[in-house]
Amino acid sequence: MHGESRWAGIRSGSFGASGDLYALYDAMRREAPVWGAPWGDVYVSHFDLVAACLTDPRMSHLPPASGVASDSALRNWLIYQEGSTHAAIRAAFQKPFASGGPAALKPYVDQAVELHCTTVSDGDLDIVPAFARAVPESVIARLLGVPAADIPRLRAWSMAARELLDGGFGTAFDETTNAVDEMSAYFTAHAARLLKGRELPMLLAGLPDLVGKVGLDVAGANLALLAFAGHETTVHLISHLFYHLAWAPDQLATVRDEPKLVTNAIAETLRLETPIQKICRWPTETIELGGQRLAKDTLVVLLPGAANRDPRRFAEADRFDLRRPVGQNLAFGRGPHVCIGRALAEMEARAVLAAALERWSAIEPVEGGAKWLDNASFRGLDRLVLRLAA
Ligand code: HEM
């Protein structure tokens, strides 16, 4: 068995320092791109193999019934659905993006940026709570009709969900009551209230159809997913963007000189520091992958963060380079479950960066100012103190 003890950290948590994770991915890609872990799961790190699994219809999203018997609301989340249930929830959630288009979301983003980015003071600032978290949080709350007073609860649930998901399916699905259940109960009550009112919030135009097709409880669980997925990852995208620009002053100067490179900066950040580090699939039959046979129902963990640094795909893959052609990376997934909210996440990151570049002539790192999340499923910063000067 390759790297058995060296790679055990991939299972859950334990990545404090920024370098550890990528050294592990390097070794995995080199020595065992399809790695059967001693605990039975399989990890996939090559770009081509991850991309192939994302679009392979034999790779199911549905966790096998055996092993995870529980009523956890997580079971109802869109990301663990297939077939008609998946289609119904996805259609409801895509409705606002398809009808008004992302442009309809712009005023929400602009207002949040105005509120959180232009009012903070200069000097040494932890940008994570100040705007990297505050902007996506307040945007998703307004788009879902969640009152501002409930944002602290949304924050606590999201952080708990992040930890719960990193704990593995055994724990996440088997706990009888957890943060996701509480969050789902809140959103089920929220959905019931909204359906009695006259106007639906922007992102919930498809709510009546959704409830008609899957019922109120499943709809509530999926509103919780939308609230969680709709901001937790964007928080990390924005923090990573500022981290990499602050730590690479030449790149920061480049994007100041050529504002059109903001798009590259966002794509390059998502490639280099992919917020979602694990995507799970279960083969519906025995399959062959990278020369290995994988049994039906094996948990196959795709590692988009490893794929996005695969040197076979990206030259000098560990380098943050705004001149790199914007190619396709796997940060938003691919195939039938590809991210619904990409346009919104990118719009938020663009707006925050534009406001920051206009406001501060200096955005600099502070020694010891960065603290990485201790989480192997979500890549992010708990704290990012930067020195900002007008
Ligand atoms: C930087 C920000 C984001 C990243 C990196 C990201 C990443 C991803 C990835 C990798 C998937 C695919 C999961 C899989 O195949 O199992 C996904 C799915 C999803 N994302 Fe995002 N996402 C982001 C922002 C958003 C936002 C802003 C929203 C909502 C407004 C959102 C809503 C969703 C939903 C509902 C799904 C499930 C789609 C399905 O299962 O069919 N995401 N996202």
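For the structure, see preceding data.
As a starting point, this report considers the structure included with it.

Parameters and conventions
- Note that residues are indexed from 1 along each chain, following the sequence as it is written.
- The model is predicted, so local features are restricted to residues of pLDDT at least 70 and side-chain atom pairs to those at 80 or more, both for listing and for counting; the totals for chains, interfaces and linings are taken over all residues.
- Side-chain descriptors were evaluated using all non-hydrogen atoms of the structure, hydrogens and water having been removed beforehand.
- Only nitrogen, oxygen and sulfur atoms qualify as donors, provided they sit within 2.8 Å of the metal or within 3.2 Å for Na, K and Ca; with water excluded from the atoms, sites may seem incomplete.
- Strands are runs of DSSP state E lasting at least 2 residues, helices are runs of H or I lasting at least 4, and numbering of each runs from the N terminus.
- As used here, the term nonpolar core means buried Ala, Val, Leu, Ile, Met, Phe, Trp, Tyr and Cys residues forming a set that is joined through side-chain atoms within 4.5 Å.
- Three exposure classes are used, based on accessible area relative to the maximum for each residue type with a 1.4 Å probe and protein chains only: buried under 20%, partly exposed in between, and exposed over 50%.
- By the convention used here, residues are in contact when the closest approach between their heavy atoms is within 4.5 Å.
- Paired strands, in this sense, are two strands between which DSSP finds at least two bridges.
- Between N-to-C directions, angles cover 0 to 180 degrees, with each direction set by a line fitted to C-alpha atoms, over the stretch in contact for helices.
- Between 30 and 60 degrees the pair is tilted, below 30 it is stacked and above 60 it is edge-to-face, where a pair is any two Phe, Tyr or Trp rings, Trp via its six-membered ring, whose centres lie within 6.5 Å.
- Both a distance and an angle decide whether a charge sits over a ring: NZ of Lys or CZ of Arg must be within 6 Å of the ring centre and within 35 degrees of the ring normal.

## A few points about the coordination of the iron atom of the ligand
Link 1 in the chain: When only protein atoms are considered, the iron atom of the ligand has one donor, C339 (SG), at a distance of 2.3 Å.
Link 2 in the chain: Position of C339 relative to the elements: it lies in the loop between α15 (304–307) and α16 (342–359).

## A short note on unusual backbone geometry
Link 1 in the chain: A positive phi angle, close to 70 degrees, is found at D297, a residue other than glycine.
Link 2 in the chain: Among the secondary structure elements, D297 is positioned in the loop between β7 (292–294) and β8 (300–302).

## Some words on the nonpolar core
Link 1 in the chain: Core analysis: the biggest nonpolar cluster contains 117 residues, and F131, F187, F242 and I363 have the highest contact counts within it.
Link 2 in the chain: For this core, the leading source of residues is α16, giving 10 residues.
Link 3 in the chain: Setting aside chain neighbours within four positions, we find F242 in contact with I127, F131, V352, L353, A356, I363, L384 and L386.
Link 4 in the chain: Membership of the second largest hydrophobic core comes to 20 residues, among which are V42, L54, L294 and L330.

## Things to note about the side chain of H86
Link 1 in the chain: Structurally, H86 is set in helix α3 (residues 83–99).
Link 2 in the chain: Apart from the residues within four sequence positions on either side, H86 is in contact with L78, Q81, P336 and H337.

## Thoughts on the sheet that holds strand β9 (residues 362–372)
Link 1 in the chain: Taken together, 3 strands build an open sheet; the order of strands is β4-β10-β9 and the sheet is antiparallel. At either end of the open sheet lies a strand with only one pairing partner, and these are β4 (123–126) and β9. Strand-to-strand twist in this sheet, taken as the mean axis angle between neighbours without regard to direction, amounts to 20 degrees.
Link 2 in the chain: Inspection of the sheet shows β4 paired to strand β10 (residues 381–389) by 4 bridges, in the antiparallel sense. When the sheet's bridge partners are listed, L125 is paired in β10 with L386.

## Considerations on the packing of aromatic side chains
Link 1 in the chain: As enumerated under the stated definition, the model contains 14 aromatic pairs in all.
Link 2 in the chain: Each ring, one from W157 and one from Y186, has its centre 5.3 Å from the other, and the planes form 55 degrees; the classification is tilted. Taken as a pair, W157 in helix α7 (residues 151–166) and Y186 in helix α9 (residues 179–196) lie far apart in primary sequence, 29 residues in all.
Link 3 in the chain: Note on Y186 and F187: the rings are 5.1 Å apart at their centroids and 80 degrees apart in plane angle, and the pair reads as edge-to-face. Like F187, Y186 is buried.
Link 4 in the chain: In textbook terms, an aromatic cluster arises when at least three aromatic residues are bridged by ring pairs, as seen for W7, W35, W39 and Y43.
Link 5 in the chain: Over the face of the ring belonging to Y22 we find R309, whose NZ or CZ atom lies 3.4 Å from the ring centre.

Geometric values such as these leave the question of function open.
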